[in-house]
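This is what each chain is made of:
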Amino acid sequence: VQLQAYGGGLVQAGGSLRLSCAASGRTFSSYAMGWFRQAPGKEREFVAAISWSGGSTNYAASVKGRFTISRDNAKNTVHLQMNSLKPEDTAVYYCAADLAAWVPATPYNSAEYDYWGQGTLVTVSS
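In this report, the structure presented in the accompanying data block is examined.

Rules used throughout
- Residues numbered from 1 in each chain as written.
- Predicted model: local features only at pLDDT ≥ 70, side-chain atom pairs only at ≥ 80, totals over all residues.
- Heavy atoms only, no water.
- Helix = DSSP H or I, 4+ residues; strand = E, 2+ residues; numbered from the N terminus.
- Rg over C-alpha atoms; globule rule 2.2 N^0.38 Å.
- Buried < 20%, exposed > 50% of the residue type's maximum accessible area, 1.4 Å probe, protein only.
- Contact = heavy atoms within 4.5 Å.
- Areas by Shrake-Rupley, 256 points an atom, 1.4 Å probe, with all protein chains shown as cover.
- Lys, Arg positive; Asp, Glu negative; His and termini not counted.
- Charge placed at Lys NZ, Arg CZ, Asp CG, Glu CD.
- Salt bridge = Lys/Arg side-chain N within 4 Å of Asp/Glu carboxyl O.
- Polar contact = N/O pair within 3.5 Å; in protein donor to acceptor, adjacent residues only side chain to side chain.
- Phe/Tyr/Trp six-rings, centres within 6.5 Å; stacked < 30°, edge-to-face > 60°.

A few points about the overall build of the protein chain
- A count of helical and extended segments in the protein chain gives zero helices and 11 strands.
- For the protein chain, the sequential pattern of α-helices and β-strands runs β-β-β-β-β-β-β-β-β-β-β.
- In terms of overall size, the protein chain behaves like a compact globule, its C-alpha atoms giving a radius of gyration of 13 Å where 126 residues would be expected to give roughly 14 Å.
- For the protein chain, the C-alpha atoms occupy an extent of roughly 40 × 25 × 25 Å along the three principal directions.
- Counting across all 126 residues of the protein chain, residues that qualify as buried make up 45%.
- Put simply, 58% of the contacts in the protein chain that link residues at least 6 apart link residues at least 24 apart.
- Counting every atom, the protein chain has about 6100 Å² of accessible surface; 49% of that belongs to carbon and sulfur.
- Of the charged side chains in the protein chain, 10 are positive and 8 negative, and the gap between their average positions amounts to 6 Å.

Section: the pattern of salt bridges
- Under the counting rule described, the total for this entry stands at three salt bridges.
- Among the ionic pairs, Arg-37 bridges to Asp-89, the shortest N-O distance being 2.9 Å. Residue Arg-37 is found in strand β4 (residues 32-38), and its partner Asp-89 is found in the loop between β8 (77-82) and β9 (91-98); the two are separated by 52 residues along the sequence.
- Owing to a relative accessible area of 4%, Arg-37 belongs among the buried residues under this scheme.
- The salt bridge involving Asp-89 is made with Arg-66; its shortest N-O contact spans 2.7 Å. Within this pair, whereas Asp-89 is found in the loop between β8 and β9, its partner Arg-66 is found in the loop between β6 (57-59) and β7 (67-72), the two being separated by 23 residues in sequence. With respect to class, Asp-89 is no different from Arg-66; both count as buried.
- Three or more residues joined by partner-sharing salt bridges are found here, namely Arg-37, Glu-45, Arg-66 and Asp-89.

Examining the side chain of Glu-112
- Tracing the backbone shows Glu-112 in the loop between β9 and β10 (115-116).
- Buried charge without a partner: Glu-112 forms no salt bridge, and the closest opposite charge is Arg-71, 11 Å away.
- Side-chain polar atoms of Glu-112 contact the backbone nitrogen of Ala-105, separated by 2.9 Å.
- A polar atom in the side chain of Glu-112 sits 2.5 Å from the side chain of Thr-106.
- Ignoring any residue separated from it by four or fewer positions in sequence, one finds Glu-112 in contact with Asp-98, Ala-101, Pro-104, Ala-105, Thr-106 and Pro-107.

Observations concerning the packing of aromatic side chains
- For the structure shown, the criterion picks out six aromatic pairs.
- Between the aromatic rings of Phe-36 and Tyr-113, the centroid separation amounts to 5.2 Å while the plane-to-plane angle is 80 degrees, which identifies the pairing as edge-to-face. Of the two residues, Phe-36 is situated in strand β4 and Tyr-113 in the loop between β9 and β10; the sequence distance between them amounts to 77 residues.
- On the basis of relative accessibility, which here comes to 1%, the residue Phe-36 falls in the buried class.
- Of the aromatic side chains, those joined through ring pairs into one cluster are Phe-36, Phe-46, Tyr-113 and Trp-116.

Just geometry here; none of it tells us what the structure is for.
Put into structure tokens, the structure is as follows:
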């Protein structure tokens, strides 16, 4: 499985960005997906996850109500719509694939994911 994340950039606080992750190499609708992020000097942290069908989603408390994860199985793509961005959202964002699960058992656990994209940088200025 190959994952290509894109859509990052520089945005002012309060603004919006939409990240996307294109997947290839295996039937996209057969596995769950997640987004993680890593800020400078910090550990990678869970952001959001989505089941194979899109019917089940999970969010970190810090982004719930501001971020929305979705997927388009016809286009082999998962999205992360980020609204009301804050400077503390500044990080490299990674998409990840959980090939063993239709619905992630522990979506916040990075060890559950098998493949990772290269990351896309999001910078939120104050």
